[in-house]
Amino acid sequence: MVTCAGCSCLCTDIVVKDKVFNACRRGASIFRNAENNKAKPKVDGKEVDFDTALNKAIELISNSKNLAVYGLDTVPLEAQELAIKLAEKKEAFIDDNSSFCLGDFVEMILKKEIPTTTLDEVKKNAYVIFYWGTDPYNSLSRHLSLYTYYPRAGKRQRGYEEDRFLVVVDVRKSHTAKLAKKNARFIQVNNDLELIDGFISALDGKAGNYFKDVSRIISEMKRADFNVIFGGLGLKYGLNSDYSRFLEMVNKMNEISNVYFLPAGFHANMRGFNELMFEKTGFVNRYSFREGKASKDFEFKNLILNDEIDTALIIGTDPLNSLPFEVARKLSKIKKIVIDPKNTFTARTADVVLPSAITGYDQGGTMVRSDGVRIEVEPLKEGDVSDISILKRILEGI
Ligand code: SF4
C-alpha cells in the first residue's frame, strides 16, 4: 500500500496495480496521470540537460538580491527543511499557500489557543461533528468516510444512523450539506459572526440568532464528551482574520462539553511547513529572514504586488494559475525558478525549470496530516530526482 499526497488526509491505504484502489477520484488521477504532462529541464524555455538547468538556477539564486522561496506544501518535510535553510542563507522571504489558506488556524493550534485533537480520536469518539465553511465532499473526499461521520469505531459503533450528529455551516447548500438529513443540521449563513453570536447567546441562556438550530445543537453536544469543529476557508474569510469571537464561542462550548477544533481542507503537507517554520521562527508563514519577522507585507502575493523581489524560487505550486491576474502579470516579469514534477502554467514561463518527483509516487519522505500526525510516505517507485536532492544541490552551490 502507498500513501496519496493529494490532500491533507494523506490516505495510507492506496493500492496501485493495473487499477488504483481505495483512492478518491482526485487521488486516483494522481497515480493514473503521474507520467503525463511531465516537466522537462529548461532554461529560457529551451530544453537542456538537468545539470545545465541546475547550474543556471544556482547562478540566478546566487545573483538575486531579494529572493522569495514559495510553495512547498506538496513536498516532504525533509525538502521543506532544506528550503528554509536556503531562505535563511540568502536572507530571503519564505511563504507558502497557508498565508491565504488555513495557516491562521494552524498557528492558533500551535500556540495552544484552541483545544485540538487527532482524526483517530475523532473516529473513535466524536458525536457532534461540525463542518464550518468547508465542503469535504469535494475538497477532502474521504474525510467523512475515514474519520468523521460514517465510521463505526470506538464509542461510536452505531455509526451515523444513531451515533453521530452532523452540522454543516455554509453560505450555500454544498454537496456536504446535502448529506445533512437524519441526525444532522444544515445552517445556511450570510455572516458567520451572526451564528457565532447565536451560539454565545444560547450558551449564556439567552435567545439569539438561529435559536432553534443552535439550541438543538447545544443539547446534542451535551449528550457527548467529545465534539469537534472542522473549520475551512469559508470560516477563515467569514471571520476576516479576527478570531476573538470564535475563540470565545469555543471556550464557552467547552464549559458544557469537550469541543475540539481542527482545520479542514488544504494541501498535503501545508501543516508540515507551518510546524517547521513555527519551530524555527515562532511564525508559521510570511517570513523574512533579513528582517527576522513575519508580516502580511511578506506574503508572496504582496511581495510581488509591491515589487519587493527580483527572483522567486517556486516549489511544487502553480501561482500563475492560482493567484489573481494582477499578481500573475507582475510575477511574469521577475526571474522564476520552478521545481515541479509537472509542466505547469508557471513552469511554461519560468527562466529555469527543474523537474522533480511526485510525493508518494516517485519520492518518499515525511508529511504531516491536517491533525499534526506525521506520516512516513513510501514511494511506489524510486524516481531520478527528488525535491530533497535538488534543494541539497542548490544549497551546496550558492
Ligand atoms: S482523500 Fe486526499 S489523500 Fe485520500 S485519496 Fe483522496 S486526494 Fe488522496
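Residues numbered from 1 in each chain as written. Predicted model: local features only at pLDDT ≥ 70, side-chain atom pairs only at ≥ 80, totals over all residues. Heavy atoms only, no water.

Details of the overall build of the chain
Note the following rule: Going along the chain from the N terminus, every DSSP run of H or I of four or more residues is numbered as a helix, and every run of E of two or more is numbered as a strand. For the radius of gyration, the atom set is restricted to C-alpha positions; the globular benchmark scales as 2.2 Å times the number of residues to the power 0.38. Working definition: with a 1.4 Å probe on protein chains only, accessible area under 20% of the residue-type maximum means buried, over 50% means exposed, and in between means partly exposed. Should any heavy atoms of two residues lie within 4.5 Å, those residues are considered in contact. To be clear on the numbers: accessible area is Shrake-Rupley with a 1.4 Å probe, and residue cover counts the displayed protein chains and nothing else.
A tally of helices and strands in the chain yields 19 helices and 18 strands. Its C-alpha atoms give the chain a radius of gyration of 22 Å, near enough to 21 Å, the size a compact globule of 398 residues would have. Taking the principal axes of its C-alpha atoms as reference, the chain extends roughly 65 × 50 × 35 Å. For the chain, the proportion of its 398 residues judged to be buried stands at 57%. Taking the contacts inside the chain whose residues are at least 6 apart along the sequence as the reference set, 70% of them involve residues at least 24 apart. Accessible surface, the chain: about 16700 Å² in total, of which carbon and sulfur atoms supply 46%.

What to know about the pairing of strand β17 (residues 365-368)
Put simply, the test is: Two strands pair under a simple rule: DSSP has to find at least two bridges between them.
Because side chains alternate across β17, one face comprises the buried residues Gly 365 and Met 367, and the other comprises Thr 366 and Val 368, equally buried. Sheet topology note: the β17/strand β18 (residues 374-377) ladder contains four bridges and is antiparallel. Note on β18: the bridge partner recorded for Val 368 is Arg 374. If you look at the hairpin formed by β17 and β18, you'll find five residues sitting between the two strands, and Gly 372 has a positive phi there, around 90°.

Some thoughts on the sheet that holds strand β6 (residues 93-95)
Strand pairing in a sheet takes place through backbone hydrogen bonds and is either antiparallel or parallel in direction. Put simply, the rule reads: Axis angles are defined between N-to-C directions and span 0 to 180 degrees, where every axis is a line fitted to C-alpha atoms and, for a helix, only to the segment in contact.
Spatial ordering of the open sheet is given by β4-β3-β16-β15-β14-β5-β6-β12-β13, a layout of nine strands whose pairing is mixed. Lying at the two open borders of the sheet, with one neighbouring strand each, are β4 (46-47) and β13 (293-294). Sheet analysis places strand β15 (residues 335-340) next to strand β16 (residues 352-355), joined by four bridges and oriented parallel. Paired with Ile 339 across the bridge in β16 is Leu 354. Where helix α2 (residues 50-63) meets the sheet, its contacts fall on β3 (42-43), β5 (67-71), β14 (311-315), β15 and β16, and the angle it forms with β16 comes to roughly 125°.

Let's talk about the site of the ligand
The following threshold applies: Residues are classed as near a molecule or strand on a simple rule: at least one heavy atom within 4 Å of it. Any residue that is not Ala, Val, Leu, Ile, Met, Phe, Trp, Tyr, Cys, Pro, Asp, Glu, Lys or Arg is counted as polar, Gly included; the first ten are nonpolar and the last four charged.
With respect to spatial proximity, the complete set of residues near the ligand consists of Cys 4, Gly 6, Cys 7, Leu 10, Cys 11, Ala 23, Cys 24, Gly 27 and Arg 142. A breakdown of the residues in the shell around the ligand according to their chemical character gives six nonpolar, two polar and one charged.

Some thoughts on empty space enclosed by the protein
Our working definition: Site definitions follow a grid-based scheme: protein atoms alone, a 1 Å grid, a 1.4 Å probe that fits but cannot get out for cavities, and for pockets an open set with protein on both sides within 12 Å along at least five of seven lines, plus lining residues having an atom within 4 Å of a point. Grid points are joined across faces, edges and corners, and a volume is the space filled by probe spheres set on the points.
One pass over the full model with this rule turns up four cavities of 30 Å³ or more. Approximately 100 Å³ is the volume found for the largest cavity. In terms of lining residues, the largest cavity is bounded by 13 residues, among which Cys 4, Cys 7, Cys 11, Cys 24 and Gly 27 are the most central. Among the residues forming the lining of the largest cavity, the class breakdown is eight nonpolar, three polar and two charged.

Focus on the pattern of salt bridges
Stated precisely, the cut-off is as follows: In what follows, salt bridge is the name for a side-chain nitrogen of Lys or Arg lying within 4 Å of a carboxyl oxygen of Asp or Glu.
As enumerated under the stated definition, the model contains 30 salt bridges in all. Residues Arg 156 and Asp 163 are paired through a salt bridge, measuring 3.6 Å at the closest nitrogen-oxygen approach. Relative accessible area serves as the criterion here: at 5%, Asp 163 is assigned to the buried category. Lys 296 is paired through a salt bridge with Glu 299; the nearest N and O atoms lie 3.1 Å apart. Taking the relative accessible area as the measure of exposure, Lys 296 reaches 49% and is therefore partly exposed. Taking the relative accessible area as the measure of exposure, Glu 299 reaches 2% and is therefore buried. Three or more residues are tied together by salt bridges with common partners; here these are Arg 156, Arg 158, Glu 162 and Asp 163.

Some thoughts on a positive patch on the surface
To keep it simple, the criterion reads: Residues enter a patch when their relative accessible area is above 30% and they make no salt bridge; the linking distance is 9 Å between like charges and 5 Å between nonpolar side chains (Val, Leu, Ile, Met, Phe, Trp, Tyr). In summary, the charge assignment counts Lys and Arg as positive and Asp and Glu as negative, without counting His or the chain termini. Charge placement uses NZ in Lys and CZ in Arg. For Asp and Glu, CG and CD serve respectively.
A grouping of Arg 172, Lys 173, Lys 178 and Lys 181 is seen on the molecular surface, where their side chains present a positively charged patch. For Arg 172, the location among the structural elements is in the loop between β8 (165-170) and α9 (175-178). Taking the relative accessible area as the measure of exposure, Arg 172 reaches 44% and is therefore partly exposed.

Section: the sheet that holds strand β7 (residues 128-132)
Spatial ordering of the open sheet is given by β9-β8-β7-β10-β11, a layout of five strands whose pairing is parallel. Taken across any chain shown, the strands that pair with only one partner, and hence form the sheet edges, are β9 (184-188) and β11 (259-263). Between one strand and the next, the sheet's axes are offset by a mean angle of 15°, whatever the strand orientation. Here five bridges tie β7 to β8, and the two strands are oriented parallel to one another. Across the sheet, the residue bridging to Phe 130 is Val 167, located in β8.

Quick word on the layout of surface pockets
As a reminder, the rule being used: Reported domain spans reflect what an automatic or database domain assignment gives.
Here the largest pocket is characterised by a volume of approximately 1100 Å³. Along the wall of the largest pocket there are 40 residues; nearest its centre are Gly 6, Arg 26, Thr 74, His 267 and Gly 316. At the level of elements, α1 (25-32), α12 (233-239) and α16 (319-322) are the ones that each hand at least two residues to the lining of the largest pocket. Grouping the amino acids of the lining of the largest pocket by side-chain chemistry returns 14 nonpolar, 20 polar and six charged. Looking at the lining of the largest pocket, you find at least three residues from each of domain 1 (38-101 + 268-397) and domain 2 (103-263).

Thoughts on helix α3 (residues 77-89)
Note the cut-off: To estimate how far a helix should reach, multiply one less than its number of residues by 1.5 Å.
Given a rise of 1.5 Å per residue, 13 residues ought to cover 18 Å, and the 18 Å separating the end C-alpha atoms of α3 matches this to within 8%. A positive phi of about 50° marks Glu 91, the residue just after α3.

Observations regarding the environment of Lys 342
Formally: Throughout this description, a polar contact denotes any pair of N or O atoms lying within 3.5 Å of each other; where both atoms belong to protein, one of them has to be capable of donating a hydrogen while the other can accept it, and for residues adjacent in sequence the pair is counted only when both atoms sit in side chains.
Among the secondary structure elements, Lys 342 is positioned in the loop between β15 and α18 (345-348). In this structure the C-alpha to C-alpha distance between Lys 342 and Gly 372, which are 30 residues apart in sequence, comes to 28 Å. Lys 342 has contacts with Asn 33, Ala 34, Asn 36, Asn 37, Lys 38, Ala 39, Ala 347 and Ile 358, leaving out every residue within four places of it along the chain. A distance of 2.7 Å separates the side chain of Lys 342 from the backbone oxygen of Asn 33, its partner in a polar contact.

This is a description of form; function is not addressed.
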